[in-house]
Amino acid sequence: MKQGIHPENYRLVVFKDMSNDEMFLCKSTADTKDTIEFEGSEYPLIKMEISSTSHPFYTGKTKLVDTAGRVDKFMNKYKKFAK
């Protein structure tokens with residue numbers, strides 16, 4: 001492994017899945033200004049739209065993730081063709 005190419009500033013960070021409010025703690029170098037109290041301590045917070053706790057591949061459930069209303073716009077546009 002090459003020396004000097006990997007970051008040195010790993011720290012504990014809480015990752016929060018915004019679709020189901022699940023949180024987990026792991027080491028990361030990601031920058032953030034948000035913080036959260038997790039298991040009695042204050043940690044930096046990284047917000048995610050989807051994680052393994054909400055992704056259909058891992059959960060086995062089909063779920064539409066739409067943050068801009070694109071699915072509703074599509075459904076309304078092609079509603080007239082439905083039988």
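Being a predicted model, the structure only gives us computed values, none of them experimental.

As for the packing of aromatic side chains
Here the structure, examined in full by the defined rule, presents 1 aromatic pair. On the basis of an interplanar angle of 15 degrees and a centroid distance of 5.5 Å, the ring pair of Phe15 and Phe24 is categorised as stacked. Overall, the relative accessible area of 13% leaves Phe15 in the buried class. You can call Phe24 partly exposed: its relative accessible area is 35%.

Regarding the nonpolar core
One finds Val14, Ile36, Phe38, Tyr43 and Leu45 forming the largest nonpolar core, which totals 5 residues. If you list the elements that add at least two residues to this core, you get strand 3 (35–38) and strand 4 (41–48). Dropping the residues within four chain positions of it, Ile36 is found in contact with Val14, Met23, Ser41, Glu42, Tyr43 and Leu45.

Conventions and cut-offs
Residues numbered from 1 in each chain as written. Predicted model: local features only at pLDDT ≥ 70, side-chain atom pairs only at ≥ 80, totals over all residues. Heavy atoms only, no water. Phe/Tyr/Trp six-rings, centres within 6.5 Å; stacked < 30°, edge-to-face > 60°. Buried < 20%, exposed > 50% of the residue type's maximum accessible area, 1.4 Å probe, protein only. Core = buried A, V, L, I, M, F, W, Y, C linked by side-chain atoms within 4.5 Å. Helix = DSSP H or I, 4+ residues; strand = E, 2+ residues; numbered from the N terminus. Contact = heavy atoms within 4.5 Å.

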